[in-house]
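# Examining the three-dimensional arrangement
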Amino acid sequence: MTQAPTPTADTVRRLVRTLLPDGPQRGGGGTGGPDVRPVAEGGAHTTWWVGARHVLRLAPDRAASARRRRELRLRDLARPHLPVAVPASVAHGDWAPGLAYTLDTRIPGGTAGEHEVSAVGEDDLAGLLTGLRAVPVRQAETLGVPRPAPRSLEALRRMAVHAAELLGKADEFEPARMHQLAPPAAAQLAAQPGTAVLVHRGLSAEHLVVAADGRVRGVLGWTDAAVGDPAEDIAGLALAVGSPAAVRAATLAGYGARPCLRGLWLARCDTVIRLAARLEGRDDSPLPLLRVQLRHAWEAILLERVTEFREDTDRDTGTDGGGDAGDTAR
């Protein structure tokens, strides 16, 4: 199997010069080629800033290329339904044989890690969740968007309990906190049939474009989108902006207590498992990031009402008879 080439600044500059012949130049006389720089430090650079207005993403393999090409069509499908910006492609094609690239417009703003989301920004997040639910599922699946089975919260809980013991020994986490999610509660928070929607599945802090005033201006990173459990996006928001804000946004979007609480417990189990994996050397994510996500996921939310749900009042949005999920954020 032929090894994929490693993109360099010269590779990127040559490609961008063909795409933006009148684009940003480096050097006093404008002869140094386009001004390009990698978005992240270290590792293989597959995402590059191009001047101040564009971002170039290079797929490292054929599987990523297929997701990148699907993402282009999915963004066009989702864009009319969303109140926040979605990147628009100004060029796309192959940067090496069989390896896709997309040159997108850059959405102005920072990340949710750089700017705190305001109360009005939570309204933006609610609009995002509402818009995702409005995207026609059949059209998304026609584009090749997958429909994975919902995750088992009980299986995740068992893994998290074990991971919490490891974190307790490392003085990173109090294992007794996992007792809040007992097996009966995990069963009650199982994904409900008939609730699948378009799910972004990557609502991390770096994928939320947030302005200095706390408004959410855009959403990046659509390659992992799926048709599935809306609690996955609530979980993503819990890690990105904190559990109370995630619950408030989901409640404003029309989700009831069950999907909100399920999302919180997905986030809480995930963060415990990931941090334990990092401490054991099985994950290379930055420790500071994992600790921030753990803190966000475990921000105080009242969860003891999960046993009060009534099954007969569920709606397609996931609303149930267990009370307003907004109560859990107070």
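Residues numbered from 1 in each chain as written. Predicted model: local features only at pLDDT ≥ 70, side-chain atom pairs only at ≥ 80, totals over all residues. Heavy atoms only, no water.

## Remarks on the overall build of the protein chain
If you tally the helices and strands in the protein chain, you get ten helices and ten strands. A burial count over the protein chain gives 49% of its 330 residues as buried. Across the protein chain, every contact between residues at least 6 apart in sequence was considered, and the portion connecting residues at least 24 apart equals 72%. Here the protein chain has roughly 15,500 Å² of accessible surface; of this, 52% comes from carbon and sulfur atoms. (Helix = DSSP H or I, 4+ residues; strand = E, 2+ residues; numbered from the N terminus. Buried < 20%, exposed > 50% of the residue type's maximum accessible area, 1.4 Å probe, protein only. Contact = heavy atoms within 4.5 Å. Areas by Shrake-Rupley, 256 points an atom, 1.4 Å probe, with all protein chains shown as cover.)

## Looking at the sheet that holds strand β9 (residues 216-219)
As summarised here, the arrangement of the three strands in space is β6-β8-β9, forming an open sheet in which the pairing is antiparallel. Lying at the two open borders of the sheet, with one neighbouring strand each, are β6 (110-111) and β9. Alignment of β6 against strand β8 (residues 208-210), held across two bridges, turns out to be antiparallel. Across the sheet, threonine 111 pairs through a bridge with valine 209, a residue of β8. (Pairing = 2+ DSSP bridges.)

## Digging into the confidence of the model for the protein chain
Predicted confidence across the protein chain gives a mean pLDDT of 88, with 85% of residues reaching 70 or more. The low-confidence segment residues 27-31, where pLDDT is below 50, has two contacts with residues more than four positions distant or belonging to other chains. Here residues 303-330 scores under 50 on pLDDT; set against residues more than four positions off or in separate chains, the count is 68 contacts. (pLDDT = per-residue confidence, 0-100.)

## Notes on the pairing of strand β2 (residues 47-50)
Residues Trp48 and Val50 line the buried face of β2, whereas the alternating positions Thr47 and Trp49 sit on a face that is not buried. With three bridges joining them, strand β1 (residues 36-38) and β2 adopt antiparallel strand pairing. From the neighbouring strand, proline 38 faces β2, where its bridge partner is tryptophan 48. Examined bridge by bridge, β2 and strand β3 (residues 54-58) share four bridges and lie antiparallel to one another. Opposite threonine 47, over in β3, you have arginine 57 as the bridge partner. In textbook terms, the turn of a hairpin is the stretch between consecutive antiparallel strands, and for β2 and β3 this stretch comprises three residues, one of which, glycine 51, has a positive phi near 60°.

## Focus on helix α1 (residues 9-19)
Within the sequence span of α1, burial applies to Val12, Arg13, Leu15 and Val16. With its buried residues spanning 170° around the axis, α1 presents them on a single face. Contacts from the buried residues of α1 go to β1, β2, β3, β4 (89-96) and β5 (99-105). (Arc of directions from axis to C-beta.)

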